[in-house]
Amino acid sequence: MKPVLSRDQIRAFDRAAIERAVPSLVLMENAGRNATDVLERELLASSARAKRVLVVCGTGNNGGDGFVIARQLLVRGARVQVALVGDRSKLSADAKTNASAWSGLGGTIETLTAPPSLDETDAVVDALFGTGLDRPLEGLARDVVEKISTVRERVFAVDIPSGLDAQTGAILGAAVHASHTATFAHYKLGLLTPSGATYAGKIHVVDIGVPASLVDHVGHDAALLEPSDIARLIAPRTPDTHKFRAGHVGILAGSPGKTGAALLVARGALRAGAGAVTVATWRDALPSLQARQLEVMTASLDELDKPLIEVAASFASAKRAIVAGPGFGTDERAATAIRALLVGYDGNVVLDADALTLYAARPAELASARAKLILTPHAGEAARLLATTSDAIESDRFTAARTLSSKTRAVVVLKGAHTIIASPDGRLAICGAGNPSLATAGAGDVLAGIIGANACNLQPFDAACAGVHLHAAASDRWAGTGRHRGLLASEIADQLPDVLAALGR
């Protein structure tokens, strides 16, 4: 896992580096030089010579990084222009030193009074505002940011796109749209959000000349999942593995007209390695289920001679993990079945879709469940649970995921670009895989099934991490030839054996 830092941790990391006798000017020089390497490789066809680059600087240390980049580009033969937003007399100490170094090499600095012309540029470097920005942009700064964003394919952001909140990923009035971002030393929380994915482009973590282990002294708020993390979680199959050792997943899902949801959960679970799957649903939905997937066993929840609460509890008792909710309904019989599951079963339970809606504005009720819960809401479902709005959830996804996890005492999977996995014990993981092809009906049902399969053999947090990564990696495998539209949810599931094989599992 790669560390992901909050705004306060970023500041603490920089202070710790300086306290260990690495001068701030050295850190800035290392950051700027290594960022220039990325810029040259990614946007200047591996050579800065004769390329026209506009570097737009602010008065803080992000601007200082920009002056270093300008100087590095000049040395490499580029034709560099530097523009300053703000009063030169207000430059930070390190920015002032690097502005003087730039001027000493014959470089000029234009103080902007209006957005610059971008017509004759091969690249535009955004070095306006760094991770410390926490207020909305306005006036000239906002106008410049909006102008830079009109040439996104040529924009290179320094540390973080100006206007993107480093803590939450919120847009502070306006933000630079970049095609590449060179962030220093470690990932920042705001970069790993839907807004970060939209505004930062491809993210490159660049070295600033201090050991990565320094982060251990300041801590990190979250961790970015890597394929190697998932490979360590999922054990190879032994020669004596049989279907029930692999895991029997029970699914409470589907209703008339919505049996596809149950089948997608089942397909996700089977393709992720579950040895057996049984779907329990309502009697009037069974014929549709039984006719469509040979490998799935079925059971009826509304047996005439037994109370529903007894049937649901009995169904769950012999299963290694349960997935409940997709297409299940939100009427009283659905509520009764879910309640029976939560109080009568002590294994891992994945709650999705309708099962989450049943607890809208009442998340604390889930905290008393006997079962060990994994909740998989999208922003709208999380908003219903917390009695707020989707916009409020998206404005600070990390706080929302942690709050919901704390209230429910459950592992929470907050879906979206860079899906978040939050644990009641404070752990926070972020998915680094995935792409827009996942915007397809039924993708969440498949994810629930994948997590359910992993929950047969892993603890809830690990099962959620494994499931989220495998689901996202399956979409990346499908999109590997440049496709981003037309992925079917069932095709996500069908990529899983190859994704697992690539992990050696």
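Residues numbered from 1 in each chain as written. Predicted model: local features only at pLDDT ≥ 70, side-chain atom pairs only at ≥ 80, totals over all residues. Heavy atoms only, no water.

A.B. asks: Looking at this structure, how should I read the sheet that holds strand 2 (residues 52–57)?
C.D. replies: The pairing of strands in a sheet happens through backbone hydrogen bonds and is either parallel or antiparallel. As summarised here, the arrangement of the seven strands in space is 4-3-2-5-6-7-9, forming an open sheet in which the pairing is parallel. Looking at strand neighbours, the two that pair on one side only are strand 4 (109–111) and strand 9 (202–206), the edges of this open sheet. Going from strand to strand, the sheet's axes swing by 20 degrees on average, the running direction of each strand aside. Pairing of strand 7 (residues 180–184) with strand 9, which is carried by five bridges, proceeds in the parallel orientation. Paired with Thr181 across the strands is Ile203, a residue of strand 9. (Pairing = 2+ DSSP bridges. Helix = DSSP H or I, 4+ residues; strand = E, 2+ residues; numbered from the N terminus. Axes fitted to C-alpha atoms, helices over the stretch in contact; angles between N-to-C directions.)

A.B. asks: Where do I start with the packing of aromatic side chains in this structure?
C.D. replies: The geometry of an aromatic ring pair is captured by two quantities: the separation of the ring centres and the angle between the planes. Under the defined criterion, the tally for this structure stands at one aromatic pair. For the ring pair Trp282 and Phe328, a centre distance of 4.9 Å and an interplane angle of 20 degrees mean the geometry is stacked. With a gap of 46 residues between them, Trp282 in the loop between strand 12 (276–281) and helix 11 (286–290) and Phe328 in the loop between strand 14 (321–324) and helix 13 (332–344) connect regions that are remote in the sequence. The aromatic ring of Trp282 is capped on one face by Arg333, whose charged end is 4.1 Å from the ring centroid. (Phe/Tyr/Trp six-rings, centres within 6.5 Å; stacked < 30°, edge-to-face > 60°. Lys NZ or Arg CZ within 6 Å of the ring centre and 35° of its normal.)

A.B. asks: Sorry, what's going on with unusual backbone geometry here?
C.D. replies: Trans is the common state for peptide bonds, and a negative phi is the common state for residues other than glycine. With phi around 55 degrees, Ala45 is a residue other than glycine that occupies positive phi space. Positionally, Ala45 belongs in the loop between helix 2 (24–43) and strand 2. Located in the positive-phi region is His418, a residue other than glycine, with phi close to 60 degrees. Secondary-structure assignment places His418 in the loop between strand 17 (411–414) and strand 18 (420–422). When its relative accessible area of 15% is taken as the criterion, His418 is described as buried. (Buried < 20%, exposed > 50% of the residue type's maximum accessible area, 1.4 Å probe, protein only.)

A.B. asks: Would you explain the sheet that holds strand 14 in this entry?
C.D. replies: What the twelve strands build is an open sheet, ordered 8-1-10-19-18-17-16-15-14-11-12-13; its pairing is mixed. Of all strands in the sheet, those with a lone pairing partner are strand 8 (187–188) and strand 13 (297–300), marking the two edges. With four bridges connecting them, strand 15 (residues 348–351) and strand 16 (residues 372–375) associate as parallel partners. Along strand 16, the bridge assignment pairs Leu351 with Leu375. Its contacts with the sheet put helix 1 (residues 7–19) on strand 1 (2–5) and strand 8, and the angle it makes with strand 1 is roughly 105 degrees. Most of the contacts of helix 13 go to strand 14, to which it runs at about 155 degrees, and overall it touches strand 11 (248–252), strand 14, strand 15 and strand 16. (Contact = heavy atoms within 4.5 Å.)

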